[in-house]
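# Structure at a glance
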Amino acid sequence: MTASHILLLIGGYFLLLLLISYFTGKNDSNADFFKAGKQSPWYLVAFGMIGTSLSGVTFISVPGWVESSEFGYMQVVFGYLVGYFVIAYLLMPIYYRLNVTSIYEYLGQRFGPTSYKTGSFFFFISRVLGASFRLFLVAIVLQQFVFDAWNVPFEVTVVLSIVLIWIYTFRGGIKTIVWTDTLQTLFMLLSVGLSIYFINEKLDWSFSEFLASDELKQYNTILFTEDFFARNHFLKSFFGGMFITICMTGLDQDMMQKNLTCKTLKDAQTNMVSFSLVLVVVNFFFLLLGALLFIYAAKFDIAIPLMDGEAKADLLFPEIALNSGLGIAVAATFMLGLIAAAYSSADSALTALTTSFCVDFLGIEKRPEPNQKKLRKKTHIGMSALLVVVIIIFKYVLDRNVIDGLLTVATYTYGPLLGLFAFGIFTKYKIRDAYSWVVALISVALIVMIANIPSDWLGGYVVGYELLPINGLFTFIGLFLIRNKG
């Protein structure tokens, strides 16, 4: 598949998104941009959330991680499942009862304005980094397999990617995204299914023969329980995954904004539970695809692609799909899946950042009515520019598998949110609100110190995703220390 063909595919897909945007963004009101008029069908939100949760990171990075971690990522996914039930039956009732636009309004009502701004700030940092991780991965694929052929600089690739997303979200916001995410999830799942089918066909296997093959057994270990000191031990991965979901979905404006567009709490809970069960199965198929890619690469002597002189396993899927002679069907479905994955996560992140900044920092709902829409649109442009800058920086500083990097960053930035919400929900204490930001910063500083302790100093213990609940615990303890004792 040539670079020109790929661009034509992107162009056709983009026109389809624009068409959806045209019909869903006709009203162009802040109410539709932020809440979709609270009229979204739960099943539409649930299906679309699959694509948002998976994103380009799962689409490329999870299969690329199989060689080094086998199917150990499923331990994290099982933790995700429990986390989604916590969100559905603990957090959602609070958000619907308070009828919030930004979920961090809860912190303002519970503790005060400083805690509200602190929670909003940590979400903002988390989502900027998370969205940039996801978009970075897609940008490097487009760069390596499309734009390098025309000597287009990476920076231009990033700008073009963000501009395309901005164009179809600036009017309809979350109302548009509920519908575009549904389409994008469909393309992503079709891409994975067809890729598995065509690669098996090339290997002269049926799907059942692949599942029974000795080659798969080299990669399909799921549970790692022998060495508690190892980073991938089951308990660390499971509880880390549970808290990552609670934070990266339940305490994240991006993910919760879609749920808050459902008509009722019951609809939102049905959406969350059904979505979480499907997500377990989908993630397993991504790992199967990863094993299949490495089996195929070994059989046909396909080397892992290099980026800046270093092997980058994240690029194996695009290398095989586009350059290994599997045919136009695999190449086209891969590119559709990749584009869908990119836009599915990035468009909602951009909208959530705009919503959070407008509501939490600019107080848009208190501004004069004539100025609100103009302010929202200016903020949308500003958030787009910010993502461009951060993605370009990542090219020069990122040195690990992208999904591992994404989950590691979450342990730093979502911990204070976990502590703030947990203290608000499980205690009745008021706090000296003015000091909440100090507690949050100290907690993050302590976690950074712990994360950088050499494993030799800990008897060989390797710190993993358990840093997230520990970070939340530090914040919880700090809030207890600044509670009002009267």
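Here, every reference points to the structure presented above.
Residues numbered from 1 in each chain as written. Predicted model: local features only at pLDDT ≥ 70, side-chain atom pairs only at ≥ 80, totals over all residues. Heavy atoms only, no water.

### A closer look at unusual backbone geometry
Here D204, not a glycine, exhibits a phi torsion of approximately 60°, which is positive. Position of D204 among the secondary structure elements: in the loop between α8 (174–202) and α9 (207–212). The residue D301 is not glycine, and still its phi comes out positive at about 50°. Position of D301 relative to the elements: it lies in the loop between α13 (265–299) and β1 (306–307). (Helix = DSSP H or I, 4+ residues; strand = E, 2+ residues; numbered from the N terminus.)

### Notes on the packing of helix α4 (residues 73–98) against helix α18 (residues 415–426)
Where α4 meets α18, the closest approach of the two axes is 12 Å, and the angle between their N-to-C directions is 80°. Classified by the angle their axes make, α4 and α18 are roughly perpendicular. Every residue of α18 that contacts α4 at L90, L91, I94 and Y95 is listed here: F421, I425 and F426. Tallied by class, the residues present in the contact of α4 with α18 amount to seven nonpolar, no polar and no charged. (Axes fitted to C-alpha atoms, helices over the stretch in contact; angles between N-to-C directions. Parallel < 35°, antiparallel > 145°, perpendicular 65-115°, else oblique. Contact = heavy atoms within 4.5 Å. Nonpolar A, V, L, I, M, F, W, Y, C, P; charged D, E, K, R; others polar.)

### Looking at helix α20 (residues 467–481)
Between its first and last C-alpha atoms α20 spans 21 Å; for 15 residues at 1.5 Å apiece the expected length is 21 Å, and the two agree. When we look at burial in α20, the residues that qualify are L467, L468, N471, G472, T475, G478 and L479. The buried residues of α20 occupy an angular sector of 140° when the element is viewed end-on, so they sit on one face. (Expected span 1.5 Å × (residues − 1). Buried < 20%, exposed > 50% of the residue type's maximum accessible area, 1.4 Å probe, protein only. Arc of directions from axis to C-beta.)

### Digging into α18
Its 12 residues place the ends of α18 16 Å apart at the C-alpha level, agreeing with the 16 Å of an ideal helix rising 1.5 Å per residue. Counting buried positions along α18 gives 10 out of 12 residues, so the element sits mostly inside the fold. Within α18, burial applies to G415, P416, L417, L418, G419, L420, F421, A422, F423 and G424.

### A short note on the environment of I364
Following the sequence through the fold, I364 ends up in the loop between α15 (328–361) and α16 (369–397). Relative accessible area serves as the criterion here: at 1%, I364 is assigned to the buried category. The spatial distance from the C-alpha of I364 to the C-alpha of L375 is 7.7 Å, given a sequence separation of 11 residues.

### Overview of the side chain of S102
Mapped onto the fold, S102 is located in the loop between α4 and α5 (105–110). With relative accessibility at 0%, the residue S102 sits in the buried group.

### With respect to the pattern of salt bridges
All told, the structure shown has two salt bridges when counted by the stated rule. Between R127 and D252 there is a salt bridge whose closest N-O contact spans 2.7 Å. Of this pair, R127 sits in helix α6 (residues 113–145) while D252 sits in the loop between α11 (234–250) and α12 (253–259), placing them 125 residues apart in sequence. For D214, the salt bridge identified is with K217, shortest N-O distance 3.6 Å. (Salt bridge = Lys/Arg side-chain N within 4 Å of Asp/Glu carboxyl O.)

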